[in-house]
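Structural features, examined
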Amino acid sequence: MDSSWWIYIVGFFAQLMFSGRLILQWILSEKHNKVLTPSTFWWLSLAASFLLFVYGYLREDFAIMLGQTLTYFIYIRNLQLQGQWAKAPVYIRWLLIIFPVLIVIYGYNNNLYDIDKLFNNESIPLWLLILGSIAQVIFTLRFIYQWIYSEKHKKSSLPLGFWLLSLIGGLLILTYAVLRRDPVLFVGHLMGVFIYFRNMKLSFAIEKP
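Procedures and definitions
Residues numbered from 1 in each chain as written. Predicted model: local features only at pLDDT ≥ 70, side-chain atom pairs only at ≥ 80, totals over all residues. Heavy atoms only, no water. Helix = DSSP H or I, 4+ residues; strand = E, 2+ residues; numbered from the N terminus. Buried < 20%, exposed > 50% of the residue type's maximum accessible area, 1.4 Å probe, protein only. Areas by Shrake-Rupley, 256 points an atom, 1.4 Å probe, with all protein chains shown as cover. Core = buried A, V, L, I, M, F, W, Y, C linked by side-chain atoms within 4.5 Å. Contact = heavy atoms within 4.5 Å. Salt bridge = Lys/Arg side-chain N within 4 Å of Asp/Glu carboxyl O. Expected span 1.5 Å × (residues − 1). Bend = angle between axes of the 7 residues up to and from the residue. Phe/Tyr/Trp six-rings, centres within 6.5 Å; stacked < 30°, edge-to-face > 60°.

1. Thoughts on the overall build of the chain
When helices and strands are counted, the chain shows 8 helices and 0 strands. Ordered by position from the N terminus, the helices and strands of the chain form the series α-α-α-α-α-α-α-α. Across the 209 residues that make up the chain, the buried fraction comes to 45%. Summed over all atoms, the accessible surface of the chain reaches about 11,000 Å², with 71% contributed by carbon and sulfur.

This is how it looks when you write it as structure tokens:
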């Protein structure tokens, strides 16, 4: 399954959208010399997260699926905070909410075969699965932190802590990608770590006394 070229196309397309959102956010932030969060950032995040979840499922990679499952609805919540979610057609909103749930039901309601495959993938030893899962959890914590911060301030924003967790999680995922020999994760996170670092500098310059 891992050698199927079309599976990698799904993964690379997802990472292309992830990279596109970061480049867009980075350019706008550099232009205004402060960290900005356009609504396009969250729409691209939502679409890319869905595709990367599908990629993780096709590659039988629990770590990838875990990371996307934890952040998917946080993206939706940020669109709600920005007042953009309600502007989307109703059928699009329902599709985005229900479709991932249907995939989970389809994937796991199969006599537990798929669960066994996820946790006993011969190409991913247990220690590597643990490393990848920890990396994804840390990477996901950035959005949990961002969500709590945004709810507290009633405004969708990307604070300094978000970029710090992004940098740490991104470096760990890069390590996992090298060990897992996953070109999709490697390419997707390689450029990201530089953008995370740059946004940290912009955020620190704003938040310091």
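Structure's up, so let's keep going.
2. Topic: the nonpolar core
Trp-42, Leu-46, Leu-52, Tyr-55, Leu-158, Trp-163 and Tyr-196 are the most contacted members of the largest nonpolar core, which has 47 residues in total. Looking at this core, the elements that each hand over two or more residues are helix H1 (5-32), helix H2 (39-58), helix H3 (62-81), helix H6 (126-153), helix H7 (160-180) and helix H8 (183-207). Looking at this core element by element, the count peaks at 9 residues for H2. Those residues in contact with Leu-52, other than ones at most four positions away along the chain, are Gly-11, Ala-14, Gln-15, Phe-18, Ile-64, Gln-68 and Val-184.

3. Observations regarding the side chain of Ser-133
Within the secondary structure, Ser-133 sits in helix H6. Here Ser-133 is in contact with Phe-62, Ala-63 and Leu-66, once residues within four sequence places are set aside.

4. Regarding the environment of Val-35
By secondary structure assignment, the location of Val-35 is in the loop between H1 and H2. Through-space distance from the C-alpha of Val-35 to that of Gln-25 is 7.8 Å; in sequence the pair is 10 residues apart.

5. A word on the pattern of salt bridges
Here the structure, examined in full by the defined rule, presents 2 salt bridges. Put simply, Glu-30 and Arg-198 hold a salt bridge, and the shortest N to O gap is 2.5 Å. Of this pair, Glu-30 sits in helix H1 while Arg-198 sits in helix H8, and the two are 168 residues apart along the sequence. Residue Arg-198 is classed as partly exposed on the basis of its relative accessible area, which comes to 28%. With a closest N to O distance of 2.5 Å, Glu-151 and Arg-77 form a salt bridge. Of this pair, Glu-151 sits in helix H6 while Arg-77 sits in helix H3, and the two are 74 residues apart along the sequence. The partly exposed category is assigned to Arg-77, whose relative accessible area is 27%.

6. Examining H3
Over its 20 residues, H3 runs 30 Å from end to end, which matches the ideal 28 Å to within 8%, given 1.5 Å per residue. The sharpest bend along H3 comes to roughly 30°, located at Thr-71. Listed as buried for H3 are Ala-63, Ile-64, Met-65, Gly-67, Gln-68, Thr-71, Tyr-72, Ile-74, Tyr-75, Ile-76, Asn-78 and Leu-79. Immediately downstream of H3, the backbone of Gly-83 shows phi near 75°, a positive value.

7. What to know about the environment of His-189
Here His-189 lies in helix H8. Through-space distance from the C-alpha of His-189 to that of Gly-170 is 6.1 Å; in sequence the pair is 19 residues apart. Apart from the residues within four sequence positions on either side, His-189 is in contact with Gln-15, Phe-139, Gly-170, Ile-173, Leu-174 and Tyr-196.

8. Points about the packing of aromatic side chains
Under the defined criterion, the tally for this structure stands at 12 aromatic pairs. Taking the centre distance of 6.1 Å and the plane angle of 40° together, the rings of Trp-42 and Tyr-75 count as tilted. Note that Trp-42 is positioned in helix H2 and Tyr-75 in helix H3, a separation of 33 residues in sequence. Both residues of the pair, Trp-42 and Tyr-75, belong to the buried class. Centroid distance Phe-143 to Phe-162: 5.0 Å. Interplanar angle 70°. Geometry classified as edge-to-face. Taken as a pair, Phe-143 in helix H6 and Phe-162 in helix H7 lie far apart in primary sequence, 19 residues in all. You'll find Phe-143 and Phe-162 in the same group, each marked buried.

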